[in-house]
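Each chain, letter by letter, is given below.
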Amino acid sequence: MNKILLVALLVLGFANIIFSQLWIPDLGNGYYKNPVLYADYSDPDLIKHGDDFYMVASSFNCMPGIPVLHSRDLVNWTIINHIYTGLPLQKFDKPEHGRGAWAPSIRYHNKKFYVYFCTPDDGLFVAITDNPKNKWKLHHIVEVPLWEDPCPLWDEDGNAYLVRSKYCGNELFLHRMSPDGMKLLDNGVSIYRDKSQPTIEGPKFKKRNGYYYILAPAGGVSHGWQTVLRSKNIYGPYEAKIVLHQGSTQVNGPHQGGLVELDSGESWFVHFQEKQPYGRIMHLQPVAWANDWPLMGIDLDEDGIGEPVNTFRKPDVGKQWQISIPQTTDEFNDKKLGLQWQWQANPKKKWYSLESGKLKLSAVNNIGQEGSFWLVPNLLLQKFPAPVFTATTQIEFNPNLSGEKAGLVIMGGEWAFLAFAKVNENLQIAMFTGVYDRCDPATTLVESIPVTHNSCFFRVKVSEGGICNFSYSFDNKIYTSIGKSFQAKPGRWIGAKVGLFNINPNIIKSNGSAAFDWFRIE
């Protein structure tokens, strides 16, 4: 870490994040750099409430679901909550990769905060709270497949509406909604479909200067653009204008996000960029209004379409706020897991405990395809936090049955892990790789060494582009490489993740465990 930055963090009282992620977008001189979050916060949406900004993002099958982040200046963010611990459907007790919560929207109305989202199979949900830091109450409004990306709007005349897209995009629908936001009042009507805006989805509703605006990405995740629709009538017809695209920049597919207006009169837009294997990382763009159209970023080509900025002056929020970054490192000294952690499915209390400053993971049964992490619900994971980082943990392995494994994993559509493994009555330290296959066992041993110790330090170094190398140490000083380099891969709609695990592939239940003293990102 840059020594000047480290000293600044210590002066500001940030000694507790020395081991945290290395990507800090606040340049400390009144400017910021993009992305403001070099982590997988897909489909972001946000609101301003007083001096606070609250943001939500897609979580798909990861639990707890829909992270809630907080900022005072749109540049410095921390995780403060999740909308739900698990989804109230039994199928999510097992990994449902790529399903779960898609493209949530967050709004404030009548002294309550609302988050709307759909799952691709189960329909429309809303969660409500008086305070984003407190528990959200989740309601399943409509059970229906193939709905996507809902967003509400409460009009000045007291009427409420909900806009949404449909699975596979290309069309937007409008519903009337009860004033309390708890019920749809009709089947919805199609309000926009145009071949010039293919795969239009992720709509966000806004009213300004007598216009109804729908911000909607089009053109696809990797190479699309941000479209804005507007009309004086909520049912249309809507004019369309592309307001942000890649242009001559390196930021592919800049779209899908949320817009806020500040007390200073400024407007800002957050959006994602697909950056495999890091997922959909978040950028911040200035917004200029002209003729009641928003232009996002900077019009470098003078073609009336904005392009993403690399660096820019920070938003004018009236004062400077301290540097803050989303949580990564966990010393396991609290009574709860850090908010950065998510499981691959609805969590169970029996999976873990926090005792005496350690995380204890139980050897949970995962029978079936032995070694296929794609099917394991109790992987404890967090997002890649930066383009280059190192994750280290200290583990004590106490297995019961042959075949049990515990350790450090890089997880995605393909995976690799460093583990203690019990083989008959002996212990090994071993590096494995794997890929999901319905027909064959998916995990391959790359290298193993016999050991007599049951305690070790495991480390993975992630280099530019997601190249991962594992190593181990018995003293946390000298590390020995093991296995081979592994190219991290994204999961289904999500980036690769790093984390911890303890699995038992046997039919017989085990009382084995693994204790992790800490997990640190540097």
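Residues numbered from 1 in each chain as written. Predicted model: local features only at pLDDT ≥ 70, side-chain atom pairs only at ≥ 80, totals over all residues. Heavy atoms only, no water.

### A few points about the layout of surface pockets
Piece 1. Approximately 740 Å³ is the volume found for the largest pocket.
Piece 2. Taken together, 23 residues form the lining of the largest pocket, with P64, T85, K336, L339 and Y352 sitting closest to its centre.
Piece 3. Sorting elements by how many residues they give to the lining of the largest pocket places strand β5 (residues 77-84) first, with five residues.
Piece 4. Across the lining of the largest pocket, the residue classes tally to 12 nonpolar, six polar and five charged. (1 Å grid on protein atoms, 1.4 Å probe; cavity = no way out; pocket = protein on both sides within 12 Å on 5 of 7 lines; lining within 4 Å. Points joined across faces, edges and corners; volume = space filled by probe spheres on them. Helix = DSSP H or I, 4+ residues; strand = E, 2+ residues; numbered from the N terminus. Nonpolar A, V, L, I, M, F, W, Y, C, P; charged D, E, K, R; others polar.)

### Quick notes on empty space enclosed by the protein
Piece 1. Inspection of the entire model under this criterion finds four cavities of 30 Å³ or more.
Piece 2. Put simply, the largest cavity is a space of about 120 Å³.
Piece 3. Those elements giving two or more residues to the lining of the largest cavity turn out to be β5 and β26 (380-383).
Piece 4. When the residues that make up the lining of the largest cavity are grouped by side-chain class, the tally is eight nonpolar, seven polar and one charged.
Piece 5. The volume enclosed by the second largest cavity comes to roughly 90 Å³.
Piece 6. N61, C62, H97, Q344, W374, L381, M411, G412, G491, I494, G495 and K497 together form the lining of the second largest cavity.
Piece 7. Of the residues belonging to the lining of the second largest cavity, the class tally is five nonpolar, six polar and one charged.

### A look at the sheet that holds strand β6 (residues 102-109)
Piece 1. Spatial strand order, β6-β7-β8-β9: four strands in an open sheet with antiparallel pairing. For this open sheet the edge positions go to β6 and β9 (137-142), each flanked by a neighbour on one side alone. Strand-to-strand twist of the sheet, defined as the mean angle between neighbouring strand axes without regard to direction, takes the value 25°.
Piece 2. In terms of strand pairing, strand β7 (residues 112-119) meets strand β8 (residues 123-129) through seven bridges, oriented antiparallel. Within β8, the position partnered with Y114 by the bridge is I128. (Pairing = 2+ DSSP bridges. Axes fitted to C-alpha atoms, helices over the stretch in contact; angles between N-to-C directions.)

### Some remarks on unusual backbone geometry
Piece 1. In this structure, P35 follows N34 across a cis peptide bond, with omega equal to -5°.
Piece 2. Structurally, P35 is set in the loop between β1 (31-33) and β2 (45-49).
Piece 3. Here the bond from M63 into P64 is cis, since omega is 0°, no more than 30 degrees from zero.
Piece 4. Looking at where P64 falls in the secondary structure, it is placed in the loop between β3 (52-56) and β4 (65-71).
Piece 5. Unusually for a residue other than glycine, Q256 sits at a positive phi of about 60°.
Piece 6. Summarising the element assignment, Q256 is placed in strand β18 (residues 255-261).
Piece 7. When its relative accessible area of 5% is taken as the criterion, Q256 is described as buried.
Piece 8. Located in the positive-phi region is E302, a residue other than glycine, with phi close to 55°.
Piece 9. Judged by relative accessible area, E302 falls into the exposed class, the value being 72%. (Buried < 20%, exposed > 50% of the residue type's maximum accessible area, 1.4 Å probe, protein only.)

### Considering the nonpolar core
Piece 1. In this structure, F384, I410, I429, F458, V498, L500 and F519 are the most contacted members of the largest nonpolar core, which totals 46 residues.
Piece 2. If we ignore the near neighbours within four places in the chain, the residues touching F519 are T328, T329, D330, F332, W341, Q382, A391, T392, T393, L408, V498 and L500.
Piece 3. Core analysis: the second largest hydrophobic core is formed by 21 residues, F53, V75, M282 and V309 among them. (Core = buried A, V, L, I, M, F, W, Y, C linked by side-chain atoms within 4.5 Å. Contact = heavy atoms within 4.5 Å.)

### Structural notes on the pairing of β8
Piece 1. The element β8 is largely enclosed, with a buried count of seven among its seven residues.
Piece 2. Here β7 hands over to β8 after three residues, the two strands then running antiparallel side by side.
Piece 3. Sheet topology note: the β8/β9 ladder contains five bridges and is antiparallel. Its bridge partner being in β9, I128 is matched across the sheet by K137.

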